[in-house]
Every structure is written in structure tokens, then in C-alpha cells.
Amino acid sequence: MRHGQSLANKNNIFTGWNDVPLTAEGELQAHLAGKKLFDEHIHFEDVHTSLLLRAIKTANIVLSEINQLYIREYKSWRLNERHYGNLRGKNKQDIKNKYGTDKFNAWRRGFYGLPPLLKASDAINNYCNCGITEPLGESLSMAYQRLIPYWTDSIAPNLMNNHNQLIVAHGSTLRALIKFLEVIPDEKINQVEVPNSQPIVYTFDRNLKILDKKIII
């Protein structure tokens, strides 16, 4: 599931790797998502989040609602939101007005659209401490490439051992994961939307092929 509404979501701002808090509405969304998951009676073995506050806070709220705060929690930069480069911190409507709809949609929704890059990486302790240099910007394709190894190495093996996994991340990285799981063509990924705090429950067979998909609204 995607995190609850963040302050940047509310203000229609490109965020990416910037650390922004949940709004009061976002916290409420996370509580409601947790209550709905509780009704599904799913027991998770592990939870995976990005290194960003909005995902971590959402995950902890959900775990509190399903009475599973004790499970193992893993955080990885590979689950971070796509890095929007020089667009981050800027209003989406302003960017659309400045560059036009086609370029805006390519940057925001396309698979290969690369936003304007930063001139230099910022020093962000969370990532430096993990040995990660902040990128200057990413297309969704680039985010896909750094995300899928985490799925392959850290999530898929647990699922194949019949251990349910909870992933709380971001709109773009979850779109990348959905593309991989559902084998969505590059040109179709712009049609995929992941709303805040709406859990997506996948049921897999032994080979991790999808048997069922349910969105909990």
C-alpha cells in the first residue's frame, strides 16, 4: 500500500526523496486502512518500507491497528519514491503550465521520462549512512531497476516460504512493482494509479504468479 496523504500530496508538490510528514488526513487514512486490513485477518511475518518518514509512519499506524507491531520491519532506499530531480519541491500545476502537458505527463507518468536533473546531489544522512549517493533524478524505468532486486532478494523468497509480506511505499515505486508483477507494457504504465492508503492484496501461487488481486477501499 501507498502511504497516507503527505503534506506534499495536499499541496500538489513533487516530493521524491524529500522527507515530508503525513497530514492529519493522511494519518486518519492510515488508521482506516489498518482497520480494513484487520477485518481481512491477514497475519504478516514482515513489513517493508522505504527510508522516508511518510511510509514509515504509515506502516507503524497500520501495524498498530492490526495488532502486529511486533513483526520484523525492514527499511530500504530501494523502496524510496522515484527521485524527481530538479522538479522536487515544485508545484505540479506550475510545472505543467511552464513545460506543457506532454512533457509534464512524460515526466510524471511515463516509464522512460527523465525529469530535469539536479546539478549536484544533496547530502542526506539517511542515504549516506547506507552508502547510497542520492541520484540527480530518476525516470520510472530507473526506479524500476533499483526496486526489483529488493523484491527478488528480500520479499519473494519469504512469500515462497508462505510468509505474508506487507509493503508500505510510494506511488511511483509501487507502480513499478505492479508493472513487474502484472507484466504491464511500458506504454500502459501511465494508466496505473495507486491512491493513498488503499491496500492492494495479491494472492500468489507457488511460482508467485497472481491468482487474485483485491483493492481494499
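Placed above this text is the structure.
First, a word on what this report is: a plain description of the structure on this page. Remember, it's a predicted structure, so these values are computed and weren't measured experimentally.

Reading the values: the criteria
Residues numbered from 1 in each chain as written. Predicted model: local features only at pLDDT ≥ 70, side-chain atom pairs only at ≥ 80, totals over all residues. Heavy atoms only, no water. Buried < 20%, exposed > 50% of the residue type's maximum accessible area, 1.4 Å probe, protein only. Helix = DSSP H or I, 4+ residues; strand = E, 2+ residues; numbered from the N terminus. Pairing = 2+ DSSP bridges. Axes fitted to C-alpha atoms, helices over the stretch in contact; angles between N-to-C directions. Parallel < 35°, antiparallel > 145°, perpendicular 65-115°, else oblique. Left-handed = near helix turned anticlockwise from the far one by under 90°. Contact = heavy atoms within 4.5 Å. Nonpolar A, V, L, I, M, F, W, Y, C, P; charged D, E, K, R; others polar. Patch = residues over 30% accessible without salt bridge, like charges linked within 9 Å, V, L, I, M, F, W, Y side chains within 5 Å. Areas by Shrake-Rupley, 256 points an atom, 1.4 Å probe, with all protein chains shown as cover. Salt bridge = Lys/Arg side-chain N within 4 Å of Asp/Glu carboxyl O. 1 Å grid on protein atoms, 1.4 Å probe; cavity = no way out; pocket = protein on both sides within 12 Å on 5 of 7 lines; lining within 4 Å. Points joined across faces, edges and corners; volume = space filled by probe spheres on them.

## Some words on the pairing of strand 3 (residues 165–168)
- Going residue by residue along strand 3, you find Gln165 and Ile167 tucked away on one face and Leu166 and Val168 tucked away on the opposite face as well.
- In terms of strand pairing, strand 1 (residues 46–49) meets strand 3 through four bridges, oriented parallel. Counterpart to threonine 49 in the pairing with strand 3 is valine 168.

## A few points about the packing of helix 7 (residues 140–160) against helix 8 (residues 171–182)
- Their axes nearest at 9 Å, the elements helix 7 and helix 8 cross at an angle of 70°. One element, helix 7, and the other, helix 8, form an angle in the roughly perpendicular class. As helix 7 packs across helix 8, the resulting crossing turns out to be right-handed. Between helix 7 and helix 8, the contacting residues are Leu140, Tyr144, Arg146, Leu147, Ile148 and Trp151 on the first element and Ser172, Thr173, Arg175, Ala176, Leu177, Lys179, Phe180 and Leu181 on the second.
- Partitioned by chemical class, the residues of the contact of helix 7 with helix 8 number nine nonpolar, two polar and three charged.

## Some remarks on the packing of helix 4 (residues 92–99) against helix 5 (residues 101–108)
- Where helix 4 meets helix 5, the closest approach of the two axes is 7 Å, and the angle between their N-to-C directions is 130°. When the axis of helix 4 is compared with that of helix 5, the two are oblique. Here Lys92, Ile95, Lys96 and Tyr99 of helix 4 come into contact with helix 5, specifically with Thr101, Lys103, Phe104, Trp107 and Arg108.
- Split by residue class, the contact of helix 4 with helix 5 holds four nonpolar, one polar and four charged.

## Considering a nonpolar patch on the surface
- A cluster of nonpolar side chains, namely Leu114, Leu117, Leu136 and Met142, defines an oily patch on the protein surface of about 310 Å² accessible area.
- Within the element layout of this structure, leucine 136 appears in the loop between helix 6 (125–128) and helix 7.

## What to know about the layout of surface pockets
- For the largest pocket, the calculated volume is near 650 Å³.
- Taken together, 27 residues form the lining of the largest pocket, with Leu159, Gln165, Val201, Tyr202 and Phe204 sitting closest to its centre.
- Put simply, the parts of the chain that give the lining of the largest pocket at least two residues each are helix 7, strand 3, helix 8 and strand 4 (200–204).
- No other element matches strand 4, which puts five residues into the lining of the largest pocket.
- Of the residues in the lining of the largest pocket, the class split is 20 nonpolar, five polar and two charged.

## Focus: the sheet that holds strand 1
- Ordered in space as 2-1-3, the three strands form an open sheet in which the pairing is parallel. Every other strand in the sheet has two partners, leaving strand 2 (72–75) and strand 3 as the edge strands with one partner each. Within the sheet, the average angular offset between the axes of one strand and its neighbour, ignoring direction, is 20°.
- Sheet topology places strand 1 next to strand 2; four bridges connect them, and they run parallel. By the bridge assignment, threonine 49 is partnered in strand 2 with lysine 75.

## Quick word on the pattern of salt bridges
- Inspection of the entire model under this criterion finds 10 salt bridges.
- Glutamate 65 serves as the salt-bridge partner of lysine 35, at 3.2 Å between the closest nitrogen and oxygen. In this pair, lysine 35 is assigned in helix 2 (residues 24–40) and glutamate 65 in helix 3 (residues 53–65), connecting sequence segments 30 residues apart.
- The class of lysine 35 is partly exposed, set by a relative accessible area of 42%.
- When its relative accessible area of 19% is taken as the criterion, glutamate 65 is described as buried.

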